[in-house]
Amino acid sequence: MMDKELEKLSRLTPPAADPQARARALAAAIQAFDSAENNAAAAQGNAKGWRPSSIINLIWSPAVNKKFLAGSALATLLVIPAAGYLTFELTRNQPIIDQERIAGTVSKKEMPIPTGRPAAPALSEAVTEENRLPQSAAADSAQALQDKEQAVAARKSDLNSDDISALLNRPGGTMSEGAKRSVAPSAAAPQQQLAEPMAVAPSPAPPTESSMQVQVDSSRERFANAAANPIKSVATDPVSTFSADVDSASYSFVRRSLTGGAMPDPQSVRVEEMINYFPYDWPRPENAEQPFKATVTVMPTPWNHDTELMHVAIKGYDIAPATAPHANLVFLIDVSGSMDEPDKLPLLKSSFRLLVNRLKADDTVAIVTYAGNAGTVLEPTRVSERAKILSAIDRLEAGGSTGGAEGIEAAYDLAQKAFVKDGVNRVMLATDGDFNVGPSSDEDLKRIIEEKRKEGIFLTVLGFGRGNLNDSLMQTLAQNGNGSAAYIDTLAEAQKTLVEEAGSTLFPIAKDVKFQVEFNPERIAEYRLIGYETRALKREDFNNDRVDAGDIGSGHSVTAIYEITPKGSPAVMNDDLRYGAADRASAETPSSAHQGELAFVKMRYKRPGEDKSTLITTPVDDNNKVATIDAAPQDVRFSVAVAAFGQKLSRTSALDAYSYQAIGDLAAASRGADAFGYRSDFLGLVRLADGLSQR
């Protein structure tokens with residue numbers, strides 16, 4: 001009602017002021033005021049008995065008092081929209097976090113936990129304080145509202161990225177861009193508990209345990225992979241040929257992704273590398289005359305009751321440390337600007353320190369760095385001068401762009417300079433994979449590596465860090481350098497690769513190792529090789545000694561698993577051929593002596609320094625079969641669990657109905673002694689994948 005009256009008054013034209021009436025009114029007002037003041041008690045601190053005041057106050061005060069109500073209404077109309085806009089700006093970039101999930105943990109035990117900073121105040125307090133703002137905005141004055149805004153900003157400023165990472169129990173946790181904008185660095189605050197749920201909107205799908213997912217920018221990471229092997233018909237394609245693979249980089253990368261709160265890129269998953277990451281107690285050869293032997297087990301498939309698994313495992317001869325040949329090693333280290341991160345050059349330096357302490361006194365080490373231009377940091381030096389080598393490693397610093405090809409050439413020159421006849425001559429390349437200066441095509445680098453391999457100098461590739469990893473190039477260089485590729489994500493992984501498995505990494509016992517399996521069409525209808533997609537060979541390559549293949553080091557284990565479909569199984573996917581099937585079947589029917597066989601496994605290898613291969617054969621028949629998966633040896637069952645996990649991570653359709661829980665149960669039942677804890681860690685990864693997959 002008052003607003004309407006005010007609106008009517010605002011449209012009226014006021015009458016012109018009468019100067020004489022104005023003067024009389026002013027004089028009367030002054031006289032009345034003076035009379036009241038003279039009769040009142042003196043104000044405190046004023047001996048004259050009246051309070052000093054200006055004529056302006058006398059005129060202004062009555063006017064303000066009369067318009068007080070109208071002014072309050074107008075102020076309310078202005079404050080409410082301002083408060084709403086301020087609240088929107090304060091809350092729109094706040095991350096929505098599941099309170100119960102924060103209380104959990106997704107970090108692996110080997111991942112370093114940041115120290116030196118107490119945890120930040122509870123996130124719920126800061127967010128709840130913001131949410132109280134709109135409730136009191138209409139009643140507070142503009143100054144009070146500004147004070148609240150400053151208080152919330154001060155509370156928010158206590159939360160930086162390290163504090164939030166500590167709360168999440170995840171080292172180096174990655175925040176969204178919105179969260180980064182709303183968090184400013186400041187001094188650490190006392191640790192407080194997350195006691196009450198935050199007053200924020202819930203997540204669309206509340207995550208389960210171990211399901212916090214961190215977004216990682218992997219746009220620059222490149223992986224060497226191929227489409228999963230298809231199901232093949234034995235009637236038309238009875239022979240499978242592939243090269244040995246002892247790399248383990250894929251497993252380490254998968255672990256890094258899962259412990260970082262993200263599902264791995266399916267292209268980064270190579271199932272054979274995950275299987276071969278673990279040490280197995282397969283039967284060993286008795287002497288070095290036959291460097292390895294094959295063990296074959298046939299069992300029911302856990303994820304398909306209508307198929308079977310044919311498990312082929314070999315174990316390399318283990319060279320005694322006392323008889324290990326002398327080693328001539330050149331560390332080729334990437335010190336470009338991209339290596340200036342905690343999980344790159346600092347971890348690299350610690351890793352090579354472990355290796356140096358593992359070498360014998362008469363081994364030699366040289367160090368070459370590359371960043372734009374290659375430089376020799378250390379000439380070939382005996383390990384007996386260990387302090388000199390370690391000091392050279394400690395002085396390494398990152399900076400500049402990457403010129404990998406020039407560094408490789410310089411490293412090979414040093415390896416040739418200190419070449420040890422009948423010894424181990426190896427360049428160990430450590431990089432995040434960023435070859436971006438000079439002749440950086442994979443083919444050019446491959447050519448350099450192949451030429452030096454023929455001269456007896458091999459190559460091992462070690463990858464470090466995230467966001468810039470060129471796994472494709474690492475695989476290309478390692479495969480053509482008669483070496484292996486590993487990914488070092490923690491110091492514990494460096495200990496495993498460079499110390500515990502130093503013999504396998506450094507000392508080859510066989511080169512150009514190839515597998516060929518022929519299936520009996522009378523017993524087997526179809527087969528599918530699990531993994532080894534990037535190691536496939538042509539059938540004729542098996543007997544061609546000029547075709548390069550993988551190497552096996554001292555004590556190495558290699559496992560290959562086929563999913564096979566017996567003849568007459570309802571799981572057969574391919575129809576019989578209409579034309580020529582009968583003629584082909586009669587021509588390929590095995591002789592009576594081989595009629596009971598399921599398959600025939602062949603392996604070829606060359607001894608180090610030799611150019612002619614040796615053949616090993618193993619027939620597979622019903623004597624290799626077990627009735628149930630539980631009847632298979634413990635190591636066989638665990639390796640099958642790892643194979644299932646790798647296939648599920650790579651989204652192989654055959655594993656769609658097989659759950660992570662079932663994989664974990666199979667692995668837990670076959671964990672065994674687990675002296676180094678690798679299998680226990682694997683069970684943790686399965687649980688993490690199960691939680692992350694439900695988001």
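Being a predicted model, the structure only gives us computed values, none of them experimental.

A. View of the overall build of the chain. Helix and strand counts for the chain come out as 22 helices and 16 strands. Residue burial in the chain is summarised as follows: out of 695 residues, 48% are buried. Long-range contacts, defined as pairs at least 24 residues apart, comprise 81% of the intrachain contacts of the chain with a sequence gap of at least 6. Only carbon and sulfur atoms are counted for the fraction: they give 52% of the accessible area of the chain, which is about 33,900 Å².

B. Structural view of the packing of helix α21 (residues 660-669) against helix α22 (residues 678-693). Close contact between α21 and α22 brings their axes to 9 Å; oriented N to C, the two are set at 170 degrees. If you check the angle between α21 and α22, you find them roughly antiparallel. Every residue of α22 that contacts α21 at Tyr-660, Ile-663, Gly-664, Ala-667 and Ala-668 is listed here: Phe-682, Leu-683, Val-686, Ala-689, Asp-690 and Ser-693. Taken together, the residues of the contact of α21 with α22 sort by class into 8 nonpolar, 2 polar and 1 charged.

C. Main features of the sheet that holds strand β12 (residues 524-530). Taking strand neighbours across the sheet as the criterion, the 5 strands line up as β1-β12-β14-β4-β3 in an open arrangement whose pairing is antiparallel. A single partner strand is all that each edge strand has here, and the edge strands are β1 (232-233) and β3 (292-301). Across 10 bridges, β3 lies against strand β4 (residues 304-316) in antiparallel orientation. Bridge pairing links Val-298 to Met-310 in β4. Of the strands in this sheet, β3, β4, β12 and β14 (557-566) touch helix α20 (residues 634-649), which is tilted by about 115 degrees from β4.

D. Expanded view of the nonpolar core. Of all hydrophobic cores here, the largest spans 42 residues; its most connected members are Leu-258, Met-274, Phe-278, Trp-303, Phe-645, Leu-649 and Phe-682. When contributions to this core are tallied by element, the ones reaching two or more residues are α10 (249-259), α11 (271-275), β4, α20, α21 and α22. Tallying contributions element by element places α20 first for this core, with 9 residues. In contact with Trp-303, not counting residues within four places along its chain, are Leu-309, Arg-528, Ile-530, Glu-563, Val-640, Ala-644, Gln-647, Ala-654, Leu-655 and Tyr-658. In terms of nonpolar packing, the next biggest core, distinct from the first, is built from 34 residues, Ala-324, Val-356, Ala-392 and Ile-488 among them.

E. Highlighting the pattern of salt bridges. Inspection of every chain in the model, using the stated rule, returns 21 salt bridges. Its salt-bridge partner being Arg-255, residue Glu-493 comes within 3.0 Å of it at the nearest N-O pair. Of the two residues, Glu-493 sits in helix α17 (residues 491-500) while Arg-255 sits in helix α10, which places them 238 residues apart along the sequence. Each member of the pair, Glu-493 as well as Arg-255, carries the same accessibility label: buried. Arg-256 is paired through a salt bridge with Asp-343; the nearest N and O atoms lie 2.5 Å apart.

F. Structural view of helix α12 (residues 345-358). For α12, built from 14 residues, the straight-helix expectation of 20 Å at 1.5 Å per residue is met to within 8% by its first-to-last C-alpha distance of 20 Å. Of the residues making up α12, those classed as buried are Leu-345, Leu-347, Leu-348, Lys-349, Ser-351, Phe-352, Leu-355 and Val-356.

G. Quick look at the side chain of Gln-516. Positionally, Gln-516 belongs in strand β11 (residues 508-519). Within the structure, the side chain of Gln-516 is placed 2.8 Å from the side chain of Thr-241, a separation counted as a polar contact. A polar contact of 3.2 Å, which involves the side chain of Gln-516, links it to the backbone oxygen of Arg-539. Among all residues touching Gln-516, those that are not within four sequence positions of it are Val-239, Ser-240, Thr-241, Arg-539, Phe-542, Phe-600, Val-601 and Lys-602.

H. Expanded view of the pairing of β14. Within β14, 9 of the 10 residues are buried, which leaves the element mostly enclosed by the surrounding structure. In terms of strand pairing, β12 meets β14 through 6 bridges, oriented antiparallel. Looking at the pairing, Arg-528 lines up with Glu-563 of β14.

I. The packing of α20 against α21, seen in detail. Viewed as axis vectors pointing N to C, α20 and α21 meet at an angle of 160 degrees, and their least axial separation amounts to 8 Å. In terms of orientation, α20 and α21 fall into the roughly antiparallel class. By crossing handedness, the relation of α20 to α21 is classed as left-handed. Here Arg-637, Phe-638, Val-640, Ala-641, Ala-644, Phe-645, Lys-648 and Leu-649 of α20 lie close against α21, whose contacting residues are Tyr-660, Ile-663, Leu-666, Ala-667 and Ala-669. Broken down by class, the residue content of the contact of α20 with α21 amounts to 11 nonpolar, no polar and 2 charged.

J. Broad picture of the packing of aromatic side chains. Scanning the model with the defined rule gives 22 aromatic pairs in all. Centre to centre, the rings of Tyr-277 and Tyr-678 are 6.2 Å apart; their planes meet at 70 degrees, and the pair counts as edge-to-face. Residue Tyr-277 is found in the loop between α11 and β3, and its partner Tyr-678 is found in helix α22; the two are separated by 401 residues along the sequence. The aromatic ring of Tyr-678 is capped on one face by Lys-496, whose charged end is 5.5 Å from the ring centroid. Cation over ring: Lys-648 sits above Tyr-660, and NZ or CZ is 5.4 Å from the ring centre.

K. Seen up close, the pairing of strand β13 (residues 550-553). The two faces of β13 match: Gly-550 and Ile-552 on one face and Asp-551 and Gly-553 on the other face are all buried. Where β11 lies against β13, 3 bridges are found, and the strand directions are antiparallel. For Ala-510, the partnering residue across the bridge sits in β13 and is Ile-552.

L. Quick look at the environment of Lys-417. Checked against the element boundaries, Lys-417 lands in helix α14 (residues 404-417). Sequence separation of Lys-417 and Pro-380 is 37 residues, and the distance between their C-alpha atoms is 8.2 Å.

M. Looking closely at the confidence of the model for the chain. Looking at the chain as a whole, the pLDDT averages 76, with 66% of positions reaching at least 70. Here helix α9 (residues 177-181) stands out as the least confident element of the chain, with mean pLDDT 35; α20 is the most confident, with 98. Counting interchain partners and residues more than four positions distant, the pLDDT-below-50 stretch residues 41-51 has 8 contacts. Low pLDDT, under 50, characterises residues 151-216; the stretch is placed with 143 contacts to residues that sit more than four places away or in other chains.

Rules and cut-offs
Residues numbered from 1 in each chain as written. Predicted model: local features only at pLDDT ≥ 70, side-chain atom pairs only at ≥ 80, totals over all residues. Heavy atoms only, no water. Helix = DSSP H or I, 4+ residues; strand = E, 2+ residues; numbered from the N terminus. Buried < 20%, exposed > 50% of the residue type's maximum accessible area, 1.4 Å probe, protein only. Contact = heavy atoms within 4.5 Å. Areas by Shrake-Rupley, 256 points an atom, 1.4 Å probe, with all protein chains shown as cover. Axes fitted to C-alpha atoms, helices over the stretch in contact; angles between N-to-C directions. Parallel < 35°, antiparallel > 145°, perpendicular 65-115°, else oblique. Nonpolar A, V, L, I, M, F, W, Y, C, P; charged D, E, K, R; others polar. Pairing = 2+ DSSP bridges. Core = buried A, V, L, I, M, F, W, Y, C linked by side-chain atoms within 4.5 Å. Salt bridge = Lys/Arg side-chain N within 4 Å of Asp/Glu carboxyl O. Expected span 1.5 Å × (residues − 1). Polar contact = N/O pair within 3.5 Å; in protein donor to acceptor, adjacent residues only side chain to side chain. Left-handed = near helix turned anticlockwise from the far one by under 90°. Phe/Tyr/Trp six-rings, centres within 6.5 Å; stacked < 30°, edge-to-face > 60°. Lys NZ or Arg CZ within 6 Å of the ring centre and 35° of its normal. pLDDT = per-residue confidence, 0-100.

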